[in-house]
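# Architecture at a glance
So the chains spell out like this:
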Amino acid sequence: GFSLETGTLELLRQCTAWLATVSGDRIRHELELVLKEEVPEKALKRADELDVLDRVHPSLIWDDWLSETFAEVRTHKLPEGVSKPDLYLALLCYRMPKKDLEQLAGYLRLSRATMRMLNESAEIRAKRDELARTGLAPSIIYELLSGYSATALTANLIAISSQTAAEHIELYLNVLRHVRPALSGEAIKRLGIPAGKEIKLVLKKLREARLDGRISSRREEEELVKAWAAERQPGPSGSG
């Protein structure tokens, strides 16, 4: 909230050219410190005004959309394991083209885990049209979003432009990702399904049935598996 003294401000503007001599590691470290601030958008907005963000990468542009999404982070109860700094970084990079994101990651020497999270966020964003469809079955929502980190999902929940898509992401985060079949692989084998790839397929089908409300108990799972096992049995051969 302070104002910079005129001479100091001028020196700052002149010295931004020297950022080219600073290592990406050092820039990343300073960015990490900024993202740990209580209100990091203040420093990032000032950095943009001083052309610092542009010198780090031309695709880093601060605007009202980022100010609003950063502020929204602090209104959400974040899922377990999701940190605000990681979420801020995902939002800062949310609109960057893949090529620019890779350039930035290489320059800042981002960790593999961080880069994986940013790539996941981009992949979810690319599915926004599918996620925005109304009337999606819970099993379809699960199929679209399973395997992604909670940070990448939360970034899209906050940033995605479609309210319907955001509702689907929220449903997955809060409910669908926790749905599991009651039967184990061993229990499925005892019900007549042979070991191997079929066990995995049956577990997937059981999860889908639970997600879509077609079954809701262990007993119903067992009955469904028995029916599938019976369908696999060869019928009696007729005599000529």
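Each remark here, short or long, concerns the structure printed above.
### Topic: helix α14 (residues 197-211)
- The end-to-end C-alpha distance of α14, which contains 15 residues, comes to 21 Å, matching closely the 21 Å that a straight helix rising 1.5 Å per residue would cover.
- Taken as a whole, α14 has its buried residues at I199, V202, L206, R207, A209 and L211.
- Buried residues along α14 sit against α10 (138-145), α13 (185-190) and α15 (218-232).
- Two residues or fewer past α14, G213 is found with a positive phi of approximately 75°.

### Re the pattern of salt bridges
- This model, assessed by the stated rule, comprises 14 salt bridges.
- R26 serves as the salt-bridge partner of E30, at 3.0 Å between the closest nitrogen and oxygen. With E30 and R26 both in helix α2 (residues 24-35), this residue pair falls four residues apart, about one helical turn.
- When its relative accessible area of 35% is taken as the criterion, E30 is described as partly exposed.
- Classification of R26 as partly exposed rests on a relative accessible area of 48%.
- Ionic pairing is found between K189 and E186, a salt bridge with its closest N-O pair at 2.9 Å. Within this pair, K189 and its partner E186 are both found in helix α13, separated by three residues, close to a single helical turn.
- Of the residues examined, K189 reaches a relative accessible area of 33% and is grouped as partly exposed.
- Since its relative accessible area comes to 46%, E186 is described here as partly exposed.

Criteria and thresholds
Residues numbered from 1 in each chain as written. Predicted model: local features only at pLDDT ≥ 70, side-chain atom pairs only at ≥ 80, totals over all residues. Heavy atoms only, no water. Helix = DSSP H or I, 4+ residues; strand = E, 2+ residues; numbered from the N terminus. Expected span 1.5 Å × (residues − 1). Buried < 20%, exposed > 50% of the residue type's maximum accessible area, 1.4 Å probe, protein only. Contact = heavy atoms within 4.5 Å. Salt bridge = Lys/Arg side-chain N within 4 Å of Asp/Glu carboxyl O.

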